Structures are given as structure tokens and as C-alpha cells.
Amino acid sequence: MSNLEISKDEIKDFKKLSIIEKLTPLKEYVKLLEKKYQCNFEELEDKVNNDPENFELWDSYIEWKAYQEKTNELTKKYEEIEHADSIRFVE
């Protein structure tokens, strides 16, 4: 059995790249929605509240909200990794 040497920074970089890989398509999709509706998420939310019977808009809002929440979650996780002082290994 051989030993593997890896630094804390290498582990952090790997984890951050893993998050970036998940964030990139989410952010691209949000850009498409911003372009389609010519607004940001908060502005779309206002449009939905003013026109609750527009089901296409409502569907896009629900989808966008999910992307927004996942983006926020992954960004928070990225920041936690960036500022982590220690790493614990689990099997």
C-alpha cells in the first residue's frame, strides 16, 4: 500500500472547481432568462405578482427561483471552502 501526499490547498482547489463546474451552467441559464425577460429575478418576481394568471411567466419564475436558490447555496459553500482553516477526512 502506498501513501498519497496532498496539500490542504490542493483539496480546497479541487472542491472549489467542483462547485464552479456546477455553478457555470446555472449562471448561464439565468443569463438566458434575463435576456428572455429583459429583467433580473426581482423584477420578474414583480411581474409575476402583477400578473398571476400568466402561467408561462409563473413557470419561468419558479424555475428561475430554483436556479437562484441553488446558485446561492453553491456560492455559500464555495466561500466556506475558501475560508476553511482545517479539513477533516471521512471515509
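Look a little higher up for the structure.
> Quick question: what am I supposed to make of the packing of aromatic side chains here?
For any two aromatic rings, the description comes down to two numbers: the centre-to-centre distance and the angle of the planes. Scanning the entire structure with this criterion turns up four aromatic pairs. Plain terms: the ring middles of Tyr 29 and Tyr 67 are 4.7 Å apart, the flat faces sit at 40° to each other, and that makes the pair tilted. On the criterion of sequence distance, the pair formed by Tyr 29 in helix α1 (residues 8–37) and Tyr 67 in helix α3 (residues 55–82) is long-range, its members being 38 residues apart. Residue Tyr 67 is classed as partly exposed on the basis of its relative accessible area of 24%. With 5.5 Å between their ring centres and 10° between their planes, Phe 41 and Tyr 61 make a pair best called stacked. Placement of the pair is Phe 41 in helix α2 (residues 41–50) and Tyr 61 in helix α3, with a sequence separation of 20 residues. Taking relative accessible area as the criterion, Tyr 61 reaches 7% and is therefore assigned buried. Pairwise contacts between aromatic rings join Phe 41, Trp 58, Tyr 61 and Trp 64 into one cluster.

Definitions and cut-offs
- Residues numbered from 1 in each chain as written.
- Predicted model: local features only at pLDDT ≥ 70, side-chain atom pairs only at ≥ 80, totals over all residues.
- Heavy atoms only, no water.
- Phe/Tyr/Trp six-rings, centres within 6.5 Å; stacked < 30°, edge-to-face > 60°.
- Helix = DSSP H or I, 4+ residues; strand = E, 2+ residues; numbered from the N terminus.
- Buried < 20%, exposed > 50% of the residue type's maximum accessible area, 1.4 Å probe, protein only.

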